[in-house]
Amino acid sequence: MGLYRANPEDGVVWITGGSSGIGRALASQLAEAGYTVAVTAREGDEIDLLVAESAGLSGRILSFPCDVTDEAGLEATLASIESEIGPVVLAIFNAGTYVPVAGENLSVRKLRRTFDVNLQGVINGLVPAVRNMQKRGFGHVVLVGSISAWFGWPTTAAYGASKAAINVMAQALKYDLDKINVRIQVANPGFVNTPLLQLQQTASMMPALMSPEDAASRMLRGITRGGFEIAFPRRLVW
């Protein structure tokens, strides 16, 4: 029997950072494919409209608000999801932030905030999710990184470093998670036209810019059929 891969019949998808960008588009596409999707974002983020839009889809989307930097709160959120709608068989840790960091204006605050959300925010959900999956004997997790993890891009000293840490963590964990039938994947998208990206450079400095919907569909293909790393678009990856 091969390593477990999630399907709609087995349980719930949990997406953090699902109120905008790739996370929002991916939640809709998963619900369209028949999944029940629990979306976690901060209180006040625009999730209600997303939930309403899922009414006519094969699956459904439900809101479970929490800030990913709240360790106890995120573990309690996972517990609520599993007690109210079912076991989380696919966890997609997508919440992230981008704060420009320039070498001539370094800031501990900016670096710490980026790592608190992009790395510690993943860890806060990953640990309890994997613990529950191990008890059940199967599971599937996806960590959302970035191609900026591969090299130093201007102003991404904090963002790229946090995504590089996610990639190395996923690579190291794969050895052990394979043994307990928990599939782990890392998704490294290129430039996606989201609110975070608009804080970065001009469009001329963002080759192969994609829409969130296009990025989500590529990620979904990787989740359903791909291997350990999901990297796109191909021309930028090359």
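Quick notes on the rules
Residues numbered from 1 in each chain as written. Predicted model: local features only at pLDDT ≥ 70, side-chain atom pairs only at ≥ 80, totals over all residues. Heavy atoms only, no water. Core = buried A, V, L, I, M, F, W, Y, C linked by side-chain atoms within 4.5 Å. Buried < 20%, exposed > 50% of the residue type's maximum accessible area, 1.4 Å probe, protein only. Helix = DSSP H or I, 4+ residues; strand = E, 2+ residues; numbered from the N terminus. Contact = heavy atoms within 4.5 Å. Lys, Arg positive; Asp, Glu negative; His and termini not counted. Salt bridge = Lys/Arg side-chain N within 4 Å of Asp/Glu carboxyl O. Expected span 1.5 Å × (residues − 1). Bend = angle between axes of the 7 residues up to and from the residue. Polar contact = N/O pair within 3.5 Å; in protein donor to acceptor, adjacent residues only side chain to side chain. Pairing = 2+ DSSP bridges. Axes fitted to C-alpha atoms, helices over the stretch in contact; angles between N-to-C directions. Parallel < 35°, antiparallel > 145°, perpendicular 65-115°, else oblique. Left-handed = near helix turned anticlockwise from the far one by under 90°. Nonpolar A, V, L, I, M, F, W, Y, C, P; charged D, E, K, R; others polar.

Draft legend 1. Seen up close, the nonpolar core. Counting 32 residues, the largest nonpolar core has Leu26, Leu30, Val37 and Ile92 as the members making the most contacts within it. Those elements that provide at least two residues to this core are β1 (12-16), α1 (21-32), β2 (36-40), β4 (88-93), β5 (139-144), α6 (212-225) and β7 (229-232). Among residues more than four places away in sequence, those in contact with Ile92 are Val13, Trp14, Ile15, Thr16, Leu26, Leu30, Val142, Val144 and Ile223. Residues Val12, Met133, Ala170 and Val186 belong to the second largest nonpolar core, which totals 30 residues.

Draft legend 2. Summary view of the side chain of Arg24. Position of Arg24 relative to the elements: it lies in helix α1. Summary of buried charges: Arg24 has no salt-bridge partner, and the nearest side chain of opposite charge, Glu53, is 4.0 Å away.

Draft legend 3. Examining the pattern of salt bridges more closely. For the coordinates displayed, the defined rule picks out five salt bridges. Here Arg131 and Glu75 are joined by a salt bridge, their closest N and O atoms 3.2 Å apart. Separated by 56 residues along the polypeptide, Arg131 in helix α4 (residues 108-136) and Glu75 in helix α3 (residues 71-84) bring together distant segments of the chain. Exposure remark for Glu75: the relative accessible area of 36% places this residue in the partly exposed category.

Draft legend 4. A look at α4. Here α4 is 29 residues long and its end C-alpha atoms lie 41 Å apart, about the 42 Å a rise of 1.5 Å per residue gives. Along its length, α4 shows its largest kink, about 35°, at Gln120. Where α4 begins, one side-chain oxygen reaches toward the backbone nitrogen of Arg109, 3.3 Å away; that side chain belongs to Ser107. Directly after α4, the chain includes Gly137, whose backbone phi takes a positive value near 95°.

Draft legend 5. Summary view of the pairing of β7. The alternating pattern of β7 places Ile230 and Phe232 on a buried face, while none of Glu229 and Ala231, on the opposite face, is buried. Pairing analysis gives four bridges linking strand β6 (residues 182-189) to β7, with the strands arranged parallel. Bridged to Ala187 within β7 is Ile230.

Draft legend 6. The arrangement of the sheet that holds β1 in detail. Strand order in the open sheet formed by seven strands is β3-β2-β1-β4-β5-β6-β7, with parallel pairing between adjacent strands. A strand with exactly one partner marks an edge of an open sheet, and here the two such strands are β3 (60-63) and β7. Adjacent strand axes in the sheet meet at a mean angle of 20°, parallel and antiparallel pairs treated alike. Contacting β1, β2 and β4, α3 crosses the sheet at an angle of about 155° to β1.

Draft legend 7. Quick look at the side chain of Thr36. With respect to the element layout, Thr36 can be found in strand β2. On the basis of relative accessible area, Thr36 is assigned to the buried category, the value being 18%. Other than its neighbours up to four places away in sequence, Thr36 contacts Val12, Val13, Arg60, Leu62 and Ile85.

Draft legend 8. Up close: the packing of α3 against α4. Running from N to C, α3 and α4 cross one another at 40°; their axes reach a closest spacing of 9 Å. Taken as axis vectors, α3 and α4 run oblique relative to one another. In the packing of α3 onto α4, the handedness of the crossing is right-handed. Only Gly121, Asn124, Gly125, Pro128, Ala129, Arg131, Asn132 and Arg136 of α4 make contact with α3, whose side of the interface consists of Glu71, Leu74, Glu75, Leu78 and Glu82. Looking at the contact of α3 with α4 residue by residue, the classes come out as four nonpolar, four polar and five charged.

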